[in-house]
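Chain by chain, the residues:
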Amino acid sequence: MPKENAIETRSSRKVYGAGSEAVVALDDVSIAIRKGEFFTLLGPSGCGKTTLLRLIAGFETPTSGHILLNGQDITDVPPNRRPVNTVFQSYALFPHLSVRENVGFGLQMKGRPASEIGTKVERALSMVQLGAMADRKPAQLSGGQQQRVALARALAPSPEVLLLDEPLSALDLKLRKEMQSELKRLQHELGITFIFVTHDQEEALTMSDRIGVMSSGRLLQIGSPREIYNHPVNRFVADFIGETNFIPADVHDGTATIAGDIAMQVAPDSPQGRHTIAVRPEHVRILNDPAAAPMRATVTDTTYFGTDSHVRMLLQGGTEIVARYQSEAAGGDAPTTGTDVGVSFAPGSVQVLQD
Amino acid sequence: MARREFSASRIPGFPTVAILVFVALYMPILMLVIYSFNAGDSIAIWEGFSFKWYPVAWNNEQVREVTFRSLTVATMASVIATTVATMAALGTTRRRRTGGQTFIYLMINQPLMVPEIVTAVALLIFFASIKVATGYQGLGYLIAAHSAFCIPFAYLPIRARLEGMDRTLEVAASDLYATPWQAFRHVTLPLLMPGIAAGLMLAFVTSLDDVVITLFVKSAGQDTLPTYMLAQIRRSVSAEVNAISTLLLLLTVILLTAFFLLTRKRD
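Residues numbered from 1 in each chain as written. Chains lettered and ligands numbered in written order. Predicted model: local features only at pLDDT ≥ 70, side-chain atom pairs only at ≥ 80, totals over all residues. Heavy atoms only, no water.

Enquirer: How do you make sense of the overall build of chain A when you look at a structure like this?
Expert: In terms of helices and strands, chain A carries nine helices and 20 strands. Each principal axis of the C-alpha atoms in chain A carries an extent, and together these give about 80 × 45 × 45 Å. For chain A, the residues scored as buried account for 51% of the 355 residues in total. Total accessible area on chain A stands at roughly 16100 Å², and carbon and sulfur atoms take up 48% of it. (Helix = DSSP H or I, 4+ residues; strand = E, 2+ residues; numbered from the N terminus. Buried < 20%, exposed > 50% of the residue type's maximum accessible area, 1.4 Å probe, protein only. Areas by Shrake-Rupley, 256 points an atom, 1.4 Å probe, with all protein chains shown as cover.)

What follows is the structure in structure tokens.
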């Protein structure tokens, strides 16, 4: 039996403004988020991911379409009656309340008895290691600590779904990494469905069970980080997540032909005709002997990155491609500018894009 | 020579002008305060230091009566004006923008722009007809009139506070199961309190020293402190008035200092 969906949106559409000034923020987005999963909405700013989050939280009503929680239609349920809590990008901690009162706010509004509030607040605070700060005001805390309070505040009422709106974007790199693993740990321990919004593809890849990639109000692809990275459906997804080489190709019956006469195997169900193929730089192999390789290229530039080097080359046929060259594994330094080299693509690494 | 940014302090004569302006502003007030401690009863000839005018003012039955009336009117009017202003500020900042906002601001701030004497005459005529119709002669007219012209003074700091408030906080409250009323009661209102207190003080001070409208609206025997003082000074200049003025000044300074402390941006 399939796991029940925690959140489902059905052809949700959100239009701001009216007439000629109407802006479509969300264009018929249907998505099913499973119970207990860490789901990430990934996309550049203005892609509609925050709008989708606000629809799920209930801060906005969709222009059309439906929002379901555990199979129940909650489209018209106000935010205060949805068992869904949000960690805001700006944290939105109540400045006039202490940390303890902030964390207890949700339970207090729900009308829970003081004893229960006390226990749950203590538990939430110890979960984010802030027990000692309970009597401080938010302004007396560092950015990272405020972040944790915001998290504890959203978790204390035990929501069914936790929404996180780019919660880590204001933190510095080191703290961000720490919070990433902490969030992952909490999600694992609590088993609550997390819906995480970010524009950071690395964050999405490392934390999520599944990712939904969005652009211009549309949902382009849903899949596990591995699927999204290895099998992007179109150029936008391939380009947005990781680095990719794009090469024009003719695709027929499981074979892609580039530069006129170089054929390579692709998935048999790939779209037919004139398309773009995508190859990740780490799947481009460089051979010192051009004669032994299916393709030839001339190195135009090499950039050293420590663990590896990025070798920029002009492939025969005139397309520029980048290879990630691992000196240790290859047993030598990256080829220098002007060298003629052989190039091959790792088997199964060539992906035909739908444009 | 390095290019420097514009600074008013380098304009020739700037210090002189600045000092002259401050002297013109504060010299008369300083004189008033000094002469309230004059031992003689002249307001022009210094005859030595004394506190005597303060007990004289305090023991004057009439002064006590008008002071009490002034405080009553100011308290009632500032509370009413602040309540109305708070609702107006919420109405103008916590709703969908539909245009015409500037017009609404102008309407609310009308008492700041319409000449006071016009308002005074209008109220005189308006209240006269009510007096005839109802026969009521009480303090209500003064309180109503003061409430009306105090509204913008209370409204401005409250609106500023509401506009500066992070709306996400109210959204966060609703996310955390607060009903709209609870969100207002537990988040908006406490955060608005400094603005409301500031508005209240400003309205109180404004009501306390009003002369023009009070003169037109008051019934017989309803002198407030300022109108009483005006009447006293017309008759004979008394050093007693200096003492009362000094006390009024002190009260105003205290309230305005509190106002600035409350509206000062924190952090």
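Enquirer: Is there a simple way to explain the overall build of chain B in this structure?
Expert: If you tally the helices and strands in chain B, you get twelve helices and zero strands. Walking chain B from its N terminus toward its C terminus, one meets helices and strands in the order α-α-α-α-α-α-α-α-α-α-α-α. Taking 2.2 N^0.38 as the reference for a compact globule, 267 residues should give roughly 18 Å; the C-alpha atoms of chain B span a radius of gyration of 23 Å, well beyond that estimate. With respect to the three principal axes, the spread of C-alpha positions in chain B is 75 × 70 × 35 Å. Summed over all atoms, the accessible surface of chain B reaches about 15200 Å², with 71% contributed by carbon and sulfur. Across chain B, 21 positive and 15 negative side-chain charges occur, with their mean positions spaced 8 Å apart. (Rg over C-alpha atoms; globule rule 2.2 N^0.38 Å. Lys, Arg positive; Asp, Glu negative; His and termini not counted. Charge placed at Lys NZ, Arg CZ, Asp CG, Glu CD.)

Enquirer: I would appreciate a short explanation of the sheet that holds strand β12 (residues 255-258) of chain A in the present structure.
Expert: What links the strands of a sheet is backbone hydrogen bonding, and the strands pair in either a parallel or an antiparallel sense. Residues and elements named next belong to chain A. Pairing within the open sheet is antiparallel, and its five strands lie in the order β13-β12-β11-β14-β20. Pairing within the sheet leaves two strands with one partner each, and these edge strands are β13 (262-265) and β20 (351-353). The average undirected angle you get between the axes of adjacent strands in this sheet is 45°. (Pairing = 2+ DSSP bridges. Axes fitted to C-alpha atoms, helices over the stretch in contact; angles between N-to-C directions.)

Enquirer: Which parts of the structure should I look at to understand the nonpolar core?
Expert: Here is a general trend for soluble globular proteins: nonpolar side chains tend to be buried in one another's company. Counting 67 residues, the largest nonpolar core has L41, F94, F105, V161, L163 and I195 of chain A together with V217 of chain B as its most contacted members. Considering each element in turn, this core owes the most residues, eleven residues, to helix α7 (residues 140-164) of chain B. The residues touching I195 of chain A, leaving out its near neighbours within four places in the chain, are I7, I33, F39, L41, L53, I56, V161, L162, L163 and L164 of chain A. L93, M127, A152 and A154 of chain A belong to the second largest nonpolar core, which has 35 residues in total. (Core = buried A, V, L, I, M, F, W, Y, C linked by side-chain atoms within 4.5 Å. Contact = heavy atoms within 4.5 Å.)

Enquirer: What should I look at first to understand unusual backbone geometry in this one?
Expert: Leaving glycine out, the prevailing phi sign among residues is negative, and the prevailing peptide bond configuration is trans. All names here are of chain A. If you check the backbone angles, Q129 has positive phi at about 55° while not being a glycine. In this model, S216 sits at a positive phi of 45°, which is unusual for a non-glycine residue. Following the sequence through the fold, S216 ends up in the loop between β9 (210-215) and β10 (218-223).

Enquirer: Which parts of the structure should I look at to understand the pattern of salt bridges?
Expert: Any two side chains of opposite charge can pair, given that their charged atoms come close. Residues and elements named next belong to chain A. The full count for this structure, using the stated rule, is 27 salt bridges over all chains. For K14, the salt bridge identified is with E60, shortest N-O distance 3.7 Å. Remark: E60 occurs in the loop between α1 (49-57) and β4 (64-69) and K14 occurs in strand β1 (residues 5-16); sequence separation between them is 46 residues. Note on K14: relative accessible area 10%, which makes it buried. (Salt bridge = Lys/Arg side-chain N within 4 Å of Asp/Glu carboxyl O.)

Enquirer: Explain the pairing of strand β11 (residues 245-252) of chain A here, please?
Expert: Strand residues, when the strand is regular, have side chains that alternate between the two faces of the sheet. Residue and element names in this part refer to chain A. Here β11 pairs with strand β14 (residues 273-279) via seven bridges, running antiparallel. Bridge pairing in β14 places D250 opposite R274. For β11 and β12, the ladder comprises three bridges, and the chain directions are antiparallel. Its bridge partner lying in β12, D250 is registered against T257.

Enquirer: Just to check I follow, could you spell out the interface of chain B and chain A for this structure?
Expert: Facing 18 residues of chain B, the contacting portion of chain A comprises 25 residues. When chain B packs against chain A, the two sides together hide about 1800 Å² of surface, and 68% of this comes from carbon and sulfur. On the chain B side of the contact with chain A, D175, L176 and Y177 of chain B bury the most area, a combined 43% of that side's loss. Counting across the chain B and chain A interface gives zero salt bridges. Connecting chain B to chain A are five residue pairs in polar contact (both at pLDDT 80 or more). Among the elements of the structure, α8 (167-175) and α9 (180-208) of chain B are those that each provide at least two residues to the side of chain B that touches chain A. When residues of the side of chain B that touches chain A are assigned to their parent elements, the largest contribution, seven residues, is made by α8 of chain B. (Buried area = accessible area lost by both parts, 1.4 Å probe. Polar contact = N/O pair within 3.5 Å; in protein donor to acceptor, adjacent residues only side chain to side chain.)

Enquirer: Would you explain the side chain of E240 of chain B in this entry?
Expert: Residue and element names in this part refer to chain B. Mapped onto the fold, E240 is located in helix α12 (residues 239-263). Overall, E240 belongs to the buried group, its relative accessible area being 12%. A distance of 3.0 Å separates the side chain of E240 from the side chain of N60, its partner in a polar contact. Beyond its immediate sequence surroundings of up to four residues, E240 is in contact with W53, V56, A57, N60 and V63.

Enquirer: In this structure, what is going on with the environment of I247 of chain A? I would like to understand it.
Expert: Residues and elements named next belong to chain A. Tracing the backbone shows I247 in strand β11. Sequence separation between I247 and V128 is 119 residues; the distance between their C-alpha atoms is 47 Å. Residues within four places of I247 in sequence aside, it is in contact with I258, H275, T276, I277, L315, T319, I321 and F345.

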